[in-house]
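One letter stands for each residue in the lines below.
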Amino acid sequence: MMYIKMEATKNGMYLAHVIGTGYSGYVDKTHFIKPVVKYTWMPSKLYTSATGNSYKKTIKDGQKVSVFNGSHGRYQVKAGSSSGYIYANNLAGTLAKKTVYVSSKLYTTSSHTKYTAVIRPNKQVYVKESTQNMSHVCVVGTAQSGWIYTSHFTKPAPAAGGTTSTPKATAGTSQTGSSTAGGTTAGTATGSTSGSASGITGSAAATSGTTATTTTGNTGSGSASATTATGKTGSSSASGTTATSNTGSGSASGTTATGNTGSGSASATTATGKTGSSSASGTTATSNTGSGSASGTTATSNTGSGSASATTATGNTGSGSASGTAATGSTGAAAASATTAKGLDVSHYQTLTQSSFNLMKRQGYSFVILKATEGTGYTDSKFYTYYKYARNAGLSVHAYHMIGNSTTDPAQHIAEAKHFYQVLAQTKASTGYAFTGYAFEDIEPTGTNSITTTWWANAAPACAGYFLNEMQALGQAKVGIYAGYFNWNSYLEGHTDTWPGNTKIWLARYNTTLGTNADVWQYTETGTIDGITGHFDLDISYDPDF
């Protein structure tokens, strides 16, 4: 306790006397204010003064400190038994430690336009603050800080039938593990499939085909309800046209049932070489091994248990179901719903060559979306170059325009549409290829367009309508919108009545599932492509136009 001579201060100091002693002197007036508790957000140097460069030690991140006062951008603090000054930006009033479950770009601002590093899955971070679906974080034990998507703290749900699914395993070749593809065709998904099956091992049943034409040489007990029965050994009845060389107990009531071994029934149009237990009720069933059901048009060389009800499912190994159009070249458990194609979107931020685009094509990518313009005057420096490279490589090419201003004035959005259209119209002259793809407006906050929550809630759908309708009026029939999942779900979906009826929807959600309907899903911003340096935004299209 001290007595203070309150009527006088000198350079921010009080003249004080320690009660019960002979000590008197000047004490910083802020030392009589009860300190505030804060936390070191990142490893922080404990400086000896508010202005100098000398420091005593480094305080680890996540440490509790007592804060007394601040000046020159630093706070005077006490950390344990040590006192000194720490930069104000290194302190947080509250601090939560969380785990990042998805590869996350560490952006320099909450508008996520530029990033400095990538946080890998299962890293822990301290969260300082959150705003507009972005969180300000520091990687625990490092000085790496920046902004990531808040949704990346959500632990992915396990995929149906097994391990956690990852978006990249959706479309590809030779999928291994439990896999679910829920769309029109699942091609080459490693897992159990159903389609038409032939060569099934075990007791097999092929049912509900056309009519039985031939059943010849049946051995064992069974019935063949065809017209002619030839060379039958054992108890059996033949009442159909012809049943040929069926061995074992079973019935064949399809057009042709040939060489079936084991107990079962074949009633599909053609069931060939079936061994084991299985059922085929599609048009053609070919060489399926193991137990399962095939009810699609064609299922070839399927191994394992499961069902495939798509048009084509080829070479699937493991348990799962494939009912999508194509699932090719991915390893691990994954979920794909609907007809899918692999793509990516790039801009001048990526350094690419003709060889880069050739590699993309060879690795199964079929489309690319290039940044073309922003605002009313900016054209991406690599748009024409990358357009030519991509078309040379045989890729389908589309383009996007970054919204430059969040005004509600229709004239601004119409002017941006005109700029975008004019750049696309010059593609033939600049590259030798006419622009034939979709033109998307990218609606997201940047460091310059001043998009706010209020604008999203009150103006976003109408402003998008001004842009899209102007594009079509100018002659660009194929148009679309890009947005984040949160903003689409919160502000745009259900408010598109002023948009052209054929507007395509391209959504970003860095999760294991999209969670809504869209034409294109940007499922990661930290994807990699073998042989090409850097990270990429990877996409899946559910639309055959891509």
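Read on for an overview of the structure.

About the thresholds
- Residues numbered from 1 in each chain as written.
- Predicted model: local features only at pLDDT ≥ 70, side-chain atom pairs only at ≥ 80, totals over all residues.
- Heavy atoms only, no water.
- Helix = DSSP H or I, 4+ residues; strand = E, 2+ residues; numbered from the N terminus.
- Buried < 20%, exposed > 50% of the residue type's maximum accessible area, 1.4 Å probe, protein only.
- Areas by Shrake-Rupley, 256 points an atom, 1.4 Å probe, with all protein chains shown as cover.
- Salt bridge = Lys/Arg side-chain N within 4 Å of Asp/Glu carboxyl O.
- Contact = heavy atoms within 4.5 Å.
- Core = buried A, V, L, I, M, F, W, Y, C linked by side-chain atoms within 4.5 Å.

**So, the overall build of the chain**
Across its full length, the chain holds seven helices and 44 strands. Split into buried and exposed, the 546 residues of the chain put 45% on the buried side. With the model as given, the accessible surface of the chain reaches about 23200 Å², and the carbon-plus-sulfur share is 50%.

**Digging into the pattern of salt bridges**
Scanning all chains against the criterion turns up three salt bridges. Notably, a salt bridge pairs Lys-105 with Asp-537, separated by 3.7 Å at the nearest N-O pair. Here the residue Lys-105 occupies a position in strand β12 (residues 104-107), and Asp-537 occupies one in strand β44 (residues 532-541), the gap between them amounting to 432 residues. For Asp-537, a relative accessible area of 16% gives the class buried. Lys-371 is paired through a salt bridge with Glu-374; the nearest N and O atoms lie 2.8 Å apart.

**Focus: helix α7 (residues 485-492)**
For α7, the set of buried residues is Tyr-485, Asn-487, Trp-488, Tyr-491 and Leu-492. Looking at the buried positions of α7, the neighbouring elements they touch are α5 (453-458), α6 (460-474), β41 (479-484) and β42 (504-508). Looking one or two residues beyond α7, the residue adopting positive phi is Gly-494, at roughly 85°.

**Section: the nonpolar core**
Judged by nonpolar contacts, the single largest core of 54 residues is most densely connected at Leu-344, Phe-357, Met-360, Val-368, Leu-424 and Trp-455. Counting residues per element, this core draws most heavily on α6, at six residues. Residues in contact with Val-368, not counting those within four places in the same chain, are Leu-344, Val-346, Phe-357, Ala-390, Leu-395, Ser-396, Val-397 and His-398. Judged by nonpolar contacts, the second largest core, of 17 residues, contains Tyr-482, Trp-506, Tyr-510 and Val-520.

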